[in-house]
Amino acid sequence: MLAGLVLAAAALVAVAAPAQAASLIQVTGFGSNPGNLAMYAYRPDNLPSGAPAVVLLHGCAQNATGYLANSGWQKYADQWKFALIVPEQRSANNSSSCFNWFETGDTSRGQGEALSIKQMVDHARSSYGTAADRVYVSGLSAGGAMGAAMLATYPDVFAAGSIIAGVPYRCATGMVNAFTCMSPGVDRTPAQWGDLVRNAHPGYSGPRPKVAIWHGTADYTVATANATESRDQWTNVLGVAQTPTSTAQLPGGTNLEVYGNDAVRVYRVSGMGHGTPVDPGTGADQCGTAAAYFLDTICSAYRDALFFGLNGGGPTPSPTATAGPTANPSPTGAPSCVTASNYAHVVAGRAYHSGGYAYANGSHQRMGLYNTFHTTALRQTAPNHWVIGC
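Predicted, not measured: the structure shown is a model, and the values here were computed from it.

Thresholds applied
- Residues numbered from 1 in each chain as written.
- Predicted model: local features only at pLDDT ≥ 70, side-chain atom pairs only at ≥ 80, totals over all residues.
- Heavy atoms only, no water.
- Helix = DSSP H or I, 4+ residues; strand = E, 2+ residues; numbered from the N terminus.
- Buried < 20%, exposed > 50% of the residue type's maximum accessible area, 1.4 Å probe, protein only.
- Contact = heavy atoms within 4.5 Å.
- Areas by Shrake-Rupley, 256 points an atom, 1.4 Å probe, with all protein chains shown as cover.
- Disulfide = S-S within 2.5 Å.
- Salt bridge = Lys/Arg side-chain N within 4 Å of Asp/Glu carboxyl O.
- Axes fitted to C-alpha atoms, helices over the stretch in contact; angles between N-to-C directions.
- Parallel < 35°, antiparallel > 145°, perpendicular 65-115°, else oblique.
- Left-handed = near helix turned anticlockwise from the far one by under 90°.
- Nonpolar A, V, L, I, M, F, W, Y, C, P; charged D, E, K, R; others polar.
- Pairing = 2+ DSSP bridges.
- Arc of directions from axis to C-beta.
- Core = buried A, V, L, I, M, F, W, Y, C linked by side-chain atoms within 4.5 Å.
- Polar contact = N/O pair within 3.5 Å; in protein donor to acceptor, adjacent residues only side chain to side chain.

**Q** Please clarify how the overall build of the protein should be interpreted in this entry.
**A** When helices and strands are tallied, the protein shows nine helices and 18 strands. Across the 390 residues that make up the protein, the buried fraction comes to 56%. Looking at the protein alone, contacts between residues at least 24 apart form 66% of all its contacts between residues at least 6 apart. Here the protein has roughly 14200 Å² of accessible surface; of this, 51% comes from carbon and sulfur atoms.

Right, dumping it as structure tokens:
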């Protein structure tokens with residue numbers, strides 16, 4: 001087991017689905033598969049052409065079935081119609097079923113496991129009709145570290161990503177220094193971290209994916225210092241300062257830090273250990289199942305889906321580019337105008353709060369005091385972009 005990144009295996013049994021219901025299926029023949037990974041895919045019923053795709057990367061000793069079942073992502077895939085690609089590590093590659101995030105041959109562009117995952121994305125585009133410019137990745141622990149590798153090596157493929165309890169890209173280059181990477185962590189300057197990402201695809205000058213970073217403040221498996229080092233890496237790559245432009249308090253004791261024009265987010269979950277944040281329940285912002293390494297705090301899948309722009313039906317603007325309002329921002333039927341208390345707007349993810357005031361996501365317009373008494377009408381003009389007035 002690799003330095004504590006090994007997670008308890010989820011002993012889950014796949015239940016046969018009705019003939020017409022969507023289910024997780026194994027896909028073969030998706031490419032040359034140099035990393036010898038297994039591919040699983042989940043396609044909601046009536047998935048439209050040009051739908052987004054999210055790659056989910058499990059932790060050590062987990063599998064595709066267990067991660068889909070517990071993480072909460074299936075709820076939003078069904079609701080907002082996007083595909084899920086769920087790679088699975090084989091024990092032949094790693095005895096603990098960890099993605100080999102610490103091996104250069106598996107985390108370099110055009111090689112090993114990284115290329116296998118990219119081939120899965122290509123297969124989904126050609127076979128399912130998913131959009132080439134709306135591909136995202138989220139992973140836990142070893143999967144989070146591999147997710148960082150995908151964002152670094154394939155910035156031309158991924159529009160955004162979420163790193164949960166992971167480490168910066170190229171923190172380790174082999175088993176020997178993987179242990180130190182996880183705990184106590186490695187301290188480098190933002191520029192040094194950024195250079196490691198830039199060197200993953202030399203000469204690339206296109207837009208870079210935006211990044212969300214999640215970490216529990218009581219994570220003793222992957223040291224919490226890694227959240228700060230990952231922040232330093234991705235803010236440097238995206239060209240924004242290491243000082244947050246805003247902060248917000250979210251459910252589950254979660255503190256959100258926003259950097260730049262929402263280019264990087266850091267979620268620090270107070271008192272949470274090592275695992276994927278979930279919040280079982282039927283609310284719009286609730287998801288997942290509490291289990292080993294699926295920790296009942298806040299629904300990270302919901303927050304990430306909003307950050308990726310998966311609820312609006314249109315492409316998410318790059319943090320390095322500007323985008324104007326769309327004429328029809330909610331083709332999926334999601335409400336484009338909502339009147340509610342400022343507190344309710346923040347809880348629903350349409351706004352954030354700082355210094356006692358609420359601000360609209362995207363436009364950053366000041367809405368007034370952050371409380372349940374002050375009511376504001378917000379209109380959605382683009383994915384995760386709200387303005388005052390209907």
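**Q** Looking at this structure, I do not really get the state of the cysteines. What am I missing?
**A** What we call a disulfide is simply a covalent bond connecting the sulfur atoms of a pair of cysteines. Taken as a whole and judged by the stated rule, the model has three disulfides. Put simply, Cys 60 and Cys 98 are joined by a disulfide, and their sulfur atoms are 2.1 Å apart. With the S-S dihedral at roughly 120°, the linkage between Cys 60 and Cys 98 falls on the right-handed side. With Cys 60 in the loop between strand 3 (53-57) and helix 1 (64-71) and Cys 98 in the loop between strand 4 (83-88) and helix 3 (112-128), the pair connects residues that are 38 residues apart, well separated along the chain.

**Q** Please clarify how the pattern of salt bridges should be interpreted in this entry.
**A** Any two side chains of opposite charge can pair if their charged atoms end up close together. Across all of its chains, the model carries eight salt bridges by this definition. Put simply, Asp 122 and Arg 125 hold a salt bridge, and the shortest N to O gap is 3.2 Å. With Asp 122 and Arg 125 both in helix 3 and three residues apart, the pair spans about one turn of that helix. With a shortest N-O distance of 2.8 Å, Arg 231 and Asp 232 are connected by a salt bridge. Residue class for Asp 232 comes out buried when judged on its relative accessible area of 8%.

**Q** Can you walk me through the packing of helix 2 (residues 73-80) against helix 8 (residues 300-308) in this structure?
**A** A pair of packed helices is captured by two measures, namely the crossing angle of their axes and the spacing between those axes. It is at 9 Å that the axes of helix 2 and helix 8 come closest, and there the two elements cross at 40°. By the angle class used here, helix 2 and helix 8 are oblique. The handedness of the crossing between helix 2 and helix 8 is right-handed. Across the interface between the two elements, Trp 73, Tyr 76 and Trp 80 from helix 2 touch Ala 301, Tyr 302, Asp 304, Ala 305, Leu 306 and Phe 308 from helix 8. Looking at side-chain class alone, the contact of helix 2 with helix 8 contains eight nonpolar, no polar and one charged residues.

**Q** Would you mind going over the sheet that holds strand 8 (residues 246-250) with me for this structure?
**A** Either a parallel or an antiparallel arrangement is found when strands of a sheet pair, and the pairing is made through backbone hydrogen bonds. The 10 strands lie next to each other as 1-2-4-3-5-6-7-10-9-8, forming an open sheet whose pairing is mixed. Whereas interior strands pair on both sides, the edge strands pair on one side only; in this sheet they are strand 1 (24-27) and strand 8. Each strand of the sheet is rotated relative to its neighbour by a mean of 20°, with strand direction disregarded. Bridging between strand 7 (residues 210-216) and strand 10 (residues 264-269) involves six bridges; their strand directions are parallel. The residue bridging Trp 214 from the neighbouring strand is Tyr 267, located in strand 10. Across the face of the sheet, helix 7 (residues 225-238) comes into contact with strand 6 (160-164), strand 7, strand 9 (254-259) and strand 10 while running at roughly 170° to strand 7.

**Q** Looking at this model, I keep getting lost on helix 5 (residues 175-182). Mind explaining?
**A** Residues spaced three or four apart along an α-helix face the same direction, because each turn holds 3.6 residues. Listed in full, the buried residues belonging to helix 5 are Ala 178, Cys 181 and Met 182. Around the axis of helix 5, the buried residues are gathered within 85° of arc, so they sit on the same side. On its buried face, helix 5 is in contact with helix 7.

**Q** It is not clear to me how the environment of Phe 158 should be interpreted in this structure. Could you clarify?
**A** By the secondary structure assignment, Phe 158 is in the loop between helix 4 (142-153) and strand 6. Residue classification places Phe 158 among the buried positions, given a relative accessible area of 3%. Setting aside residues no more than four positions away along its own chain, Phe 158 makes contact with Val 55, Val 121, Val 135, Tyr 136, Val 137, Met 150, Leu 151 and Pro 209.

**Q** What's the story with the nonpolar core in this structure? I'm lost.
**A** Looking at soluble globular proteins, one finds that nonpolar side chains tend to be buried together. Of all hydrophobic cores here, the largest spans 46 residues; its most connected members are Met 39, Val 55, Ile 85, Phe 158, Trp 234 and Val 264. With seven residues, helix 3 is the single largest residue contributor to this core. If you look at the next biggest cluster of nonpolar residues, it comprises 44 residues, including Leu 140, Val 278, Cys 299 and Phe 307.

**Q** Teacher, can you tell me more about the side chain of His 58 here?
**A** Structurally, His 58 can be placed in the loop between strand 3 and helix 1. A distance of 3.2 Å separates a polar atom in the side chain of His 58 from the backbone nitrogen of Gln 89. Ignoring any residue separated from it by four or fewer positions in sequence, one finds His 58 in contact with Asn 63, Ala 64, Tyr 67, Pro 87, Glu 88, Gln 89, Ser 97, Phe 99, Leu 140 and Gly 143.

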